[in-house]
Amino acid sequence: DNINSVKKEKHHMSQKLSRRISNTIVYIILILMSIIWLIPFFCIFCESFRVECTYQVGYVWPKQWGFDNYINLFTQTNFGIWLRNTFITAVIVAVLQTIFVLAMSYGLSRLRFKGRKPLMNVMLILGMFPGFLTLILLYKLLSSWGLAGSNAMWGLIIVYVASSGMGYYVSKGFFDTISKSLDEAARVDGATRFQIFYKVIIP
């Protein structure tokens, strides 16, 4: 018994050691990859503080440091407005796309209606075509609606959000794994489809 326990303990220790070594190797590789990926960002960050020359140079570390580039960016351009518009667009698109994708995924996963399969196939096929094929048509359409030029931000939001429901694949696959007995139990308790969606399925 003592011999077996010693062998088991040695085996356990060797497994622990090998796991620790493998984890260490993996962490070293991940750290090296992170450093390699972060090097370009570090170079750009250093370049942004370079004062002596704005052209391409053969060194990374600036010879003269300063905030001139940032001052010129905010005083000589409309970067503040661009940044504000980008932030507004990103927030609105993120919220609306999340709502549309989850609603589409829930509908295709839980509801059975005529044309469901053809609709999924059509969206799958349309997703294979690159978006720039409709670039000229979209610009003409948005321009006729007055959503180009100074109102381009709202046109951009419409373009981003309009086809967001086509990205239902991952969420629908997840919803398919949730037992439908939860829906049935909620319906018995008097819950509506919307209540089932945001109180049962989403959590």
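The present account deals with the structure reproduced in this document. What you see as residue numbers is a count from 1 along each chain, following the sequence as written. For this predicted model, a pLDDT threshold of at least 70 governs which residues receive local features, and a threshold of 80 or more governs which side-chain atom pairs are given and counted, while totals over whole chains, interfaces and linings are taken from all residues. Only heavy atoms go into the side-chain values, all of them from the structure, while hydrogens and water stay out.

**As for the overall build of the protein**
Now for step 1: Secondary structure elements are taken from DSSP: a helix is a run of H or I of four residues or more, a strand is a run of E of two residues or more, and numbering for both begins at the N terminus. Per the secondary structure count, the protein includes 9 helices and 0 strands.
Now for step 2: Each helix and strand of the protein, placed in order from N terminus to C terminus, yields the pattern α-α-α-α-α-α-α-α-α.
Now for step 3: Atoms counted for the radius of gyration: C-alpha only. Globule rule: 2.2 Å times residue count to the power 0.38. Against the compact-globule benchmark of 17 Å for 203 residues, the protein has a radius of gyration of 28 Å, which places it well outside the compact range.
Now for step 4: Only protein chains enter the accessibility calculation, which uses a 1.4 Å probe. A residue is then buried if its area is under 20% of the maximum for its type, exposed if over 50%, and partly exposed in between. Taken across its 203 residues, the protein has 18% of its residues classed as buried.

**A word on the nonpolar core**
Now for step 1: Residues belong to a common nonpolar core when they are buried Ala, Val, Leu, Ile, Met, Phe, Trp, Tyr or Cys residues joined through side-chain atoms within 4.5 Å. By size, the foremost hydrophobic cluster in this structure holds 8 residues: Tyr106, Phe175, Ile178, Ala186, Ala191, Ile196, Phe197 and Ile201.
Now for step 2: In terms of residues, this core owes the most to one element, helix H9 (residues 193–201), which gives 3 residues.
Now for step 3: Each residue touching Phe197, except ones within four places of it in the same chain, is listed here: Leu102, Ala103, Tyr106 and Ile202. In this description, contact between two residues means that some pair of their heavy atoms is separated by no more than 4.5 Å.

**Here's the deal with the side chain of Arg116**
Now for step 1: Locating Arg116 in the fold gives a position in helix H4 (residues 116–126).
Now for step 2: One buried charged side chain, Arg116, makes no salt bridge at all; its nearest oppositely charged neighbour is Asp176, positioned 5.6 Å away.
Now for step 3: Among the polar contacts listed, one links the side chain of Arg116 to the backbone oxygen of Leu108, at a separation of 2.7 Å. As used throughout, the charge tally considers Lys and Arg to be positive and Asp and Glu to be negative, leaving His and the chain termini uncounted. Think of a salt bridge as a Lys or Arg side-chain nitrogen and an Asp or Glu carboxyl oxygen that are within 4 Å of each other. Two N or O atoms count as a polar contact when they lie within 3.5 Å, although within protein this holds only if one can serve as hydrogen donor and the other as acceptor, and sequence-adjacent residues are included solely when both atoms are side-chain atoms.

**What about helix H5 (residues 135–144)?**
Now for step 1: Taking burial as the measure, the 10 residues of H5 include 1 buried ones, a minor fraction of the element.
Now for step 2: Gly146 sits one or two residues past H5 and shows a positive phi near 80°.

**Some remarks on the environment of Phe100**
Now for step 1: Following the sequence through the fold, Phe100 ends up in helix H3 (residues 79–110).
Now for step 2: For Phe100 and Ile31, which are 69 residues apart along the polypeptide, the C-alpha to C-alpha distance reads 37 Å.
Now for step 3: Other than its neighbours up to four places away in sequence, Phe100 contacts Val161 and Ser164.

**As for the environment of Asn85**
Now for step 1: Examined against the element boundaries, Asn85 turns out to sit in helix H3.
Now for step 2: Expressed as a C-alpha distance, the spacing of Asn85 and Met153, which sit 68 residues apart in the sequence, is 6.8 Å.

**What about the pattern of salt bridges?**
Now for step 1: Counted according to the given criterion, the structure contains 3 salt bridges.
Now for step 2: Of the charged contacts in the structure, one is a salt bridge between Asp183 and Arg110, with a shortest N-O distance of 2.9 Å. In this pair, Asp183 sits in helix H8 (residues 180–188) while Arg110 sits in helix H3, placing the two residues 73 residues apart along the sequence. Of the two residues, Asp183 and Arg110, both sit in the buried class.
Now for step 3: As a salt-bridge pair, Lys172 and Asp176 come within 2.8 Å of each other at their nearest N and O atoms. Placement of both Lys172 and Asp176 in helix H7 (residues 169–177) is noted, with a separation of 4 residues, approximately one turn of the helix.
Now for step 4: Note on Asp176: relative accessible area 40%, which makes it partly exposed.

**Thoughts on the side chain of Asp183**
Now for step 1: Here Asp183 falls in the buried class, since its relative accessible area comes to 5%.
Now for step 2: Within polar-contact distance, the side chain of Asp183 engages the side chain of Arg110 at 2.9 Å.
Now for step 3: Sequence-distant contacts of Asp183, that is, excluding residues within four places in its chain, are made with Tyr106, Arg110, Ile196 and Ile201.

**Observations regarding the packing of H3 against H7**
Now for step 1: Inter-axis angles, ranging from 0 to 180 degrees, are taken between N-to-C directions of lines fitted to C-alpha atoms, where helices are fitted over the stretch in contact. Closest axis-to-axis distance for the H3/H7 pair is 8 Å, and the angle between their directions is 45°. Here H3 is positioned oblique relative to H7, judged by the angle of their axes. Regarding H3 and H7, the two cross each other, and that crossing is right-handed. Contact residues: H3 offers Val101, Leu102, Ser105, Tyr106, Leu108, Ser109 and Arg110, while H7 offers Ser171, Lys172, Phe175 and Asp176.
Now for step 2: Only Asp, Glu, Lys and Arg are considered charged, only Ala, Val, Leu, Ile, Met, Phe, Trp, Tyr, Cys and Pro nonpolar, and every remaining residue, Gly among them, polar. Looking at the contact of H3 with H7 residue by residue, the classes come out as 5 nonpolar, 3 polar and 3 charged. Each angle gets one of four labels, with under 35 degrees taken as roughly parallel, over 145 as roughly antiparallel, 65 to 115 as roughly perpendicular, and the rest as oblique. Here a crossing is called left-handed whenever its near helix is offset anticlockwise from the far helix by less than a right angle, and right-handed whenever the offset is clockwise.

**Digging into the packing of H8 against H9**
Now for step 1: Contact geometry of H8 with H9 gives a least axis separation of 10 Å together with a crossing angle of 125°. If you check the angle between H8 and H9, you find them oblique. Of the two elements, H8 crosses H9, and the hand of that crossing is right-handed. Only Arg193, Ile196, Val200 and Ile201 of H9 make contact with H8, whose side of the interface consists of Leu182, Asp183, Ala186 and Arg187.

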